[in-house]
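So the chains spell out like this:
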Amino acid sequence: MIPKLVRHDVVAFFRSPAAVVFTVAMPLLMTVIVGAAVGNQIVDARTGVRVMQFVVPVMAVFGVAQVCFGTLAIRLSDLRDRGWLKRLRGTPVPAWAVLTGLVGASLVVAVVTVALLLTAGLIFYDVQMVWRTLPALLLTLLAGAACFTALGFAMVALVRNGAAVQLLGTGLLLALAFVSDIMLVGARLPAWLDAIGWIFPLRHLADAVRDAMNPLLPGTGFRGGHLAVLAAWGIGGAVVAVWRFRWERPPTRTTAAGVARPWTARPGRPAAWRLVTDQVAHALVGLRRDPSTAFFTMILPVLLLALISLIFGEVQVSGMRLPAFMLGAMITYTVGVASYVNLAERTAGDRERGVLERLSGTPLPAWAYQAGNLVTALLVTSVTAAVLATVAVLGFGVRIEPAMIAGMLGAIVAGVACFTVLGALVVAFVRKQQTIGALTLGTFLPLAFVSDVFVMGGELPGVLSTIGDLFPLKHLSHTLLAVLDPAGRPWPWADLAVIAAWTLAAAAVLVLKGSRWTAVR
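The following paragraphs examine the structure supplied in this document. (Residues numbered from 1 in each chain as written. Predicted model: local features only at pLDDT ≥ 70, side-chain atom pairs only at ≥ 80, totals over all residues. Heavy atoms only, no water.)

## Some details on the overall build of the protein chain
Part 1 of the reasoning: On a plain count of helices and strands, the protein chain comes out with 20 helices and 4 strands.
Part 2 of the reasoning: Against the compact-globule benchmark of 24 Å for 521 residues, the protein chain has a radius of gyration of 24 Å, which places it among compact chains.
Part 3 of the reasoning: The C-alpha extent of the protein chain, read off along each of the three principal axes, is 80 × 65 × 45 Å.
Part 4 of the reasoning: Out of the 521 residues in the protein chain, the part that is buried amounts to 49%.
Part 5 of the reasoning: Put simply, of all contacts in the protein chain between residues at least 6 apart along the chain, 80% involve residues at least 24 apart.
Part 6 of the reasoning: Here the protein chain carries 40 positive and 23 negative side-chain charges, and the mean point of each set is 12 Å from the other. (Helix = DSSP H or I, 4+ residues; strand = E, 2+ residues; numbered from the N terminus. Rg over C-alpha atoms; globule rule 2.2 N^0.38 Å. Buried < 20%, exposed > 50% of the residue type's maximum accessible area, 1.4 Å probe, protein only. Contact = heavy atoms within 4.5 Å. Lys, Arg positive; Asp, Glu negative; His and termini not counted. Charge placed at Lys NZ, Arg CZ, Asp CG, Glu CD.)

## Things to note about the pattern of salt bridges
If charged atoms from side chains of opposite charge come close, those side chains can pair.
Part 1 of the reasoning: Applying the stated criterion across every chain yields a total of 12 salt bridges.
Part 2 of the reasoning: Measuring nitrogen to oxygen at the nearest pair gives 3.8 Å for the salt bridge that ties Arg-203 to Asp-207. Of this pair, Arg-203 and Asp-207 both sit in helix 9 (residues 201-212), separated by 4 residues, roughly a single helical turn. We note that Arg-203, like Asp-207, is buried.
Part 3 of the reasoning: The network of salt bridges with shared partners includes Asp-181, Asp-194, Arg-203, Asp-207 and Arg-210. (Salt bridge = Lys/Arg side-chain N within 4 Å of Asp/Glu carboxyl O.)

## Quick notes on a nonpolar patch on the surface
Part 1 of the reasoning: Residues Phe-14, Val-108, Val-112 and Leu-116 make up a contiguous nonpolar surface patch of about 280 Å² in total accessible area.
Part 2 of the reasoning: The element that contributes the greatest number of residues to the nonpolar patch is helix 5 (residues 95-124), accounting for 3 residues.
Part 3 of the reasoning: Here Leu-116 shows up in helix 5. (Patch = residues over 30% accessible without salt bridge, like charges linked within 9 Å, V, L, I, M, F, W, Y side chains within 5 Å. Areas by Shrake-Rupley, 256 points an atom, 1.4 Å probe, with all protein chains shown as cover.)

## Here's the deal with the nonpolar core
Part 1 of the reasoning: Judged by nonpolar contacts, the single largest core of 135 residues is most densely connected at Leu-202, Phe-245, Met-330, Ile-331, Tyr-333 and Phe-454.
Part 2 of the reasoning: By residue number, the principal contributor to this core is helix 13 (residues 322-352), which donates 16 residues.
Part 3 of the reasoning: The contacts of Ile-331, once residues within four sequence positions are left out, are Ala-385, Leu-388, Met-408, Ile-412 and Leu-480.
Part 4 of the reasoning: Core analysis: the second largest hydrophobic core is formed by 6 residues, Leu-275, Leu-356, Ala-368 and Tyr-369 among them. (Core = buried A, V, L, I, M, F, W, Y, C linked by side-chain atoms within 4.5 Å.)

## Considerations on the side chain of Thr-376
Part 1 of the reasoning: Its location among the elements puts Thr-376 in helix 15 (residues 366-396).
Part 2 of the reasoning: Contact partners of Thr-376, with chain neighbours within four places excluded, come to Val-280, Ala-283 and Leu-284.

## Some points on the packing of helix 13 against helix 15
Part 1 of the reasoning: Viewed as axis vectors pointing N to C, helix 13 and helix 15 meet at an angle of 155°, and their least axial separation amounts to 9 Å. Considering their axes alone, helix 13 and helix 15 lie roughly antiparallel with respect to each other. Helix 15 is crossed by helix 13, and the crossing has right-handed handedness. Contacts between helix 13 and helix 15 pair Pro-323, Leu-327, Met-330, Ile-331, Thr-334, Val-335, Ala-338, Ser-339, Leu-343, Arg-346, Thr-347 and Asp-350 from the former with Tyr-369, Asn-373, Leu-374, Ala-377, Val-380, Thr-381, Thr-384, Ala-385, Leu-388, Ala-389, Ala-392 and Phe-396 from the latter.
Part 2 of the reasoning: For the contact of helix 13 with helix 15, the per-class residue count stands at 16 nonpolar, 6 polar and 2 charged. (Axes fitted to C-alpha atoms, helices over the stretch in contact; angles between N-to-C directions. Parallel < 35°, antiparallel > 145°, perpendicular 65-115°, else oblique. Left-handed = near helix turned anticlockwise from the far one by under 90°. Nonpolar A, V, L, I, M, F, W, Y, C, P; charged D, E, K, R; others polar.)

## Here we look at the packing of helix 19 (residues 472-484) against helix 20 (residues 493-513)
Part 1 of the reasoning: Helix 20 packs onto helix 19 with a crossing angle of 140° between their chain directions and a minimal axis gap of 8 Å. Pair helix 19 / helix 20 crosses with left-handed handedness. The segment helix 19 lies against helix 20, with Pro-472, His-475, Leu-476, His-478 and Thr-479 engaging Asp-495, Leu-496, Val-498, Ile-499 and Trp-502.
Part 2 of the reasoning: Split into classes, the residues belonging to the contact of helix 19 with helix 20 amount to 6 nonpolar, 3 polar and 1 charged.

## What to know about the packing of aromatic side chains
Part 1 of the reasoning: Counting across every chain of the model gives 10 aromatic pairs.
Part 2 of the reasoning: Aromatic pair Phe-200 and Trp-233: ring centres 5.5 Å apart, planes at 35°, arrangement tilted. Taken together, the positions of Phe-200 in the loop between helix 8 (191-199) and helix 9 and Trp-233 in helix 10 (residues 224-244) put the pair 33 residues apart, joining distant regions of the chain.
Part 3 of the reasoning: Residue class for Phe-200 comes out partly exposed when judged on its relative accessible area of 27%.
Part 4 of the reasoning: Judged by relative accessible area, which is 29%, Trp-233 ranks as partly exposed.
Part 5 of the reasoning: Just above the ring of Trp-243 sits the side chain of Arg-244; from NZ or CZ to the centre is 5.3 Å. (Phe/Tyr/Trp six-rings, centres within 6.5 Å; stacked < 30°, edge-to-face > 60°. Lys NZ or Arg CZ within 6 Å of the ring centre and 35° of its normal.)

## Digging into helix 11 (residues 272-288)
Part 1 of the reasoning: The terminal C-alpha atoms of helix 11 lie 25 Å apart, and with 17 residues this matches the ideal 24 Å at 1.5 Å per residue to within 8%.
Part 2 of the reasoning: By the burial criterion, the buried members of helix 11 are Leu-275, Val-276, Gln-279, Val-280, Ala-283 and Leu-287. Each buried residue of helix 11 lies within a common arc of 130° when the element is viewed along its axis, so the set occupies one face.
Part 3 of the reasoning: Packed against the buried residues of helix 11 are helix 12 (291-312), helix 13 and helix 15. (Expected span 1.5 Å × (residues − 1). Arc of directions from axis to C-beta.)

## Looking at the environment of Ala-324
Part 1 of the reasoning: In this fold, Ala-324 is placed in helix 13.
Part 2 of the reasoning: Separated by 184 residues in the primary sequence, Ala-324 and Thr-140 have C-alpha atoms spaced 40 Å apart.
Part 3 of the reasoning: Residues in contact with Ala-324, not counting those within four places in the same chain, are Val-398 and Leu-484.

## A look at unusual backbone geometry
Only a minority of non-glycine residues have a phi that is not negative, and only a minority of peptide bonds are not trans.
Part 1 of the reasoning: A positive phi angle, near 60°, is found at Asp-181, a position not held by glycine.
Part 2 of the reasoning: Its place among the elements puts Asp-181 in the loop between helix 7 (162-178) and helix 8.
Part 3 of the reasoning: For Asp-452, which is not glycine, the phi dihedral falls at a positive 60°.
Part 4 of the reasoning: Mapping Asp-452 onto the fold places it in the loop between helix 17 (433-449) and helix 18 (462-470).

## Remarks on the environment of Val-67
Part 1 of the reasoning: Tracing the backbone through its elements, the reader meets Val-67 in helix 3 (residues 56-81).
Part 2 of the reasoning: You can call Val-67 buried: its relative accessible area is 2%.
Part 3 of the reasoning: For Val-67 and Ala-145, which are 78 residues apart along the polypeptide, the C-alpha to C-alpha distance reads 8.5 Å.

## Considering the side chain of His-204
Part 1 of the reasoning: Of note, His-204 is situated in helix 9.
Part 2 of the reasoning: In this view, His-204 contacts Trp-198, His-226 and Val-229; residues no more than four positions away in its chain are not counted.

## So, the state of the cysteines
In a disulfide, the sulfur atoms of two cysteines are covalently bonded to one another.
Part 1 of the reasoning: Evaluation of the coordinates by the stated rule reveals 0 disulfides.
Part 2 of the reasoning: Here Cys-147 is not disulfide-linked; the sulfur of Cys-68 is the nearest cysteine sulfur, at 9.9 Å.
Part 3 of the reasoning: Here Cys-147 falls in the buried class, since its relative accessible area comes to 1%. (Disulfide = S-S within 2.5 Å.)

Spelled out as structure tokens, the structure:
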């Protein structure tokens with residue numbers, strides 16, 4: 001029974017492209033990009049140990065935590081919200097078997113992720129397996145998987161709905177990765193951030209696994225202190241899960257309803273501006289109801305700007321102070337996520353649910369729907385850019401002149417137009433929403449690492465730099481950096497020309513292809 005349930009959940013996982021990209025492909029991609037950026041020099045001539053010997057283990061740790069904490073919690077809360085857990089409990093399958101199947105599937109995916117990373121490390125980066133510490137490595141990874149599985153169940157037990165679970169699961173894990181020597185390997189953190197990292201189990205798991213794969217350290221690789229912290233967090237999570245876990249979604253708290261405003265029909269055809277503003281209002285309501293999307297679009301870039309600027313202080317990047325560079329980079333990130341990733345997935349979801357087909361039978365013109373998407377992306381990006389600028393100015397002393405504000409707005413408009421059209425082009429050629437989400441994320445995130453958005457701390461190889469030059473994301477980043485550079489750079493006409501060329505080319509292909517308002521079965 002258990003093997004069948006595990007197999008069912010593993011197949012369901014690999015049929016979700018977005019989950020595979022985030023959980024399995026992302027640690028592998030991060031390993032490749034970090035290896036390209038920082039190099040793989042020999043750090044010990046006697047043993048031949050290289051830099052990536054210390055990078056691959058922490059990426060494996062991040063993969064295990066993502067699978068057993070984030071992905072498991074999201075899957076479990078989704079099953080609960082849709083009533084599947086309640087229905088499964090009403091079948092002859094024992095309750096413990098259902099949960100064991102979910103846990104077993106997470107362990108299988110975690111093993112696949114770690115195996116892929118270690119294989120890539122052994123083949124491409126000369127990572128050495130330390131056989132004398134192999135038992136310690138396996139025990140540590142198993143303890144970490146058990147700890148984060150228990151914490152995933154605890155989070156589902158404490159949080160009421162799947163959207164909030166998704167927000168907390170991904171948000172907490174990413175935030176902890178920055179203070180747990182995973183995303184910023186070897187960085188010197190401020191004392192208070194370093195102390196926060198040591199409180200939580202991710203730092204202990206990362207250090208224990210890295211020590212177990214460090215050939216320069218003597219001994220068997222067992223780290224009792226780290227294992228004790230993992231055990232304590234795991235036991236605490238298990239206690240909370242047993243105490244509060246429910247097989248159906250807890251009822252939401254209700255408040256006294258107000259008096260509904262009477263609806264009155266407006267005579268005549270609505271004005272064009274009214275059609276667009278109504279679509280914008282609808283899109284903003286959807287964003288408010290999706291905390292995970294709001295987090296990745298509006299909150300994460302602000303956190304990254306503040307956290308990285310705090311950690312690295314007055315480091316110079318591309319001839320600019322790091323906070324000023326991060327301001328331009330995070331605005332670029334927001335443009336891409338809001339215009340390319342979010343709008344493509346939203347349009348595909350509306351098409352798949354039949355919303356677009358129903359709209360085509362109403363007086364609402366197609367252009368109003370698309371214009372609403374474009375204005376929504378502009379509004380979300382502009383608000384986030386304003387918050388980013390406020391944090392950069394008040395928190396880190398970045399100077400922003402009035403002329404810079406006009407330049408920033410112009411770059412944002414050009415970038416939003418370009419990436420909105422590119423997202424619409426993806427929707428026109430790809431059928432399923434899940435595939436579109438995986439495709440947009442799977443193209444945007446790698447490009448962000450080779451387009452001066454996410455800087456890994458080293459010069460990129462020529463091939464990766466050339467790839468970045470071909471696409472508009474890097475040119476948008478350079479446009480914003482030129483605008484924000486206090487030393488004054490020449491106006492980036494060449495970068496704007498590349499952005500305009502991509503916009504016009506994508507728009508031309510989109511016109512020739514035509515919009516698909518009905519889902520293809």
